[in-house]
Amino acid sequence: MIATLPIILVCAFQGVDIALHVATGQFEVIRLASNIIAVFGAMAVHVASKRALSAVLVSGAGYILFNAVFLAQNGLTNPSTGNLRLPLFAFVFITLFLYFWSWRRTQFADKLQR
């Protein structure tokens, strides 16, 4: 249970990302898929604490892959504004940080149970 906070934050963060894309009319299926991977990965860390590192690595890699494909298809800048996709990079960085945090907290919880 000690790793619950970062998992809740990953899920909330991905929900905000989806809501922002829907609200601004920038909904993309590949980004939705990356959000879903992030949420399922966070839940997998919580459910399978003994294999938390595997869950973090697989879902983190999938999350990065889907976002990289999105960038390859759509570019590093937003065509509507001409600006660099800084929110995307921020969401990816924060999500990966939360994944690492949840994994570390899971490891800490496992040590306490021994």
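Residues numbered from 1 in each chain as written. Predicted model: local features only at pLDDT ≥ 70, side-chain atom pairs only at ≥ 80, totals over all residues. Heavy atoms only, no water.

Applying the stated criterion to the full structure yields 1 salt bridge. The partner of Arg31 in a salt bridge is Asp17, and the shortest N-O contact between them spans 2.9 Å. Of the two residues, Arg31 sits in helix H2 (residues 29–47) while Asp17 sits in helix H1 (residues 4–23), which places them 14 residues apart along the sequence. Each member of the pair, Arg31 as well as Asp17, carries the same accessibility label: buried. (Salt bridge = Lys/Arg side-chain N within 4 Å of Asp/Glu carboxyl O. Helix = DSSP H or I, 4+ residues; strand = E, 2+ residues; numbered from the N terminus. Buried < 20%, exposed > 50% of the residue type's maximum accessible area, 1.4 Å probe, protein only.)

Moving on: the nonpolar core. Counting 18 residues, the largest nonpolar core has Val10, Val45 and Tyr99 as the members making the most contacts within it. Counting only elements with at least two residues in this core, the list comes to H1, H2, helix H3 (52–74) and helix H4 (86–113). Apart from residues lying up to four places away in sequence, Tyr99 is in contact with Val10, Ile37, Ala38, Val39, Gly41, Ala42, Val56, Ser59 and Gly60. (Core = buried A, V, L, I, M, F, W, Y, C linked by side-chain atoms within 4.5 Å. Contact = heavy atoms within 4.5 Å.)

This paragraph deals with a nonpolar patch on the surface. Judged by side-chain polarity, Leu76, Leu84, Leu86 and Phe89 come together as a nonpolar surface patch covering roughly 380 Å² of accessible area. By secondary structure assignment, the location of Leu76 is in the loop between H3 and H4. With relative accessibility at 48%, the residue Leu76 sits in the partly exposed group. (Patch = residues over 30% accessible without salt bridge, like charges linked within 9 Å, V, L, I, M, F, W, Y side chains within 5 Å. Areas by Shrake-Rupley, 256 points an atom, 1.4 Å probe, with all protein chains shown as cover.)

Let's shift gears to H2. Because each turn of an α-helix spans 3.6 residues, side chains separated by three or four positions end up pointing in the same direction. Between its first and last C-alpha atoms H2 spans 27 Å; for 19 residues at 1.5 Å apiece the expected length is 27 Å, and the two agree. Every buried residue belonging to H2 is among Ile30, Arg31, Ser34, Asn35, Ala38, Gly41, Ala42 and Val45, and all of these are buried. For H2, the arc enclosing every buried residue in end-on projection is 150 degrees, short of the 170-degree limit, so these residues lie on one face. In H2, the exposed positions that point more than 90 degrees away from the buried face belong to Val29, Phe40 and Val47. (Expected span 1.5 Å × (residues − 1). Arc of directions from axis to C-beta.)

With that out of the way, let us pick up H1. For H1, with 20 residues, the first-to-last C-alpha span of 28 Å sits near the 28 Å given by 1.5 Å per residue. Turning to H1, its buried residues are Pro6, Ile7, Val10, Gln14, Asp17 and His21. Looking straight down H1, one finds its buried side chains confined to an arc of 105 degrees; they lie on one side. Turned more than 90 degrees from where H1 packs its buried face, Val22 and Ala23 sit exposed. Where H1 ends, the next residue or the one after it, Gly25, has phi of about 70 degrees, a positive value.

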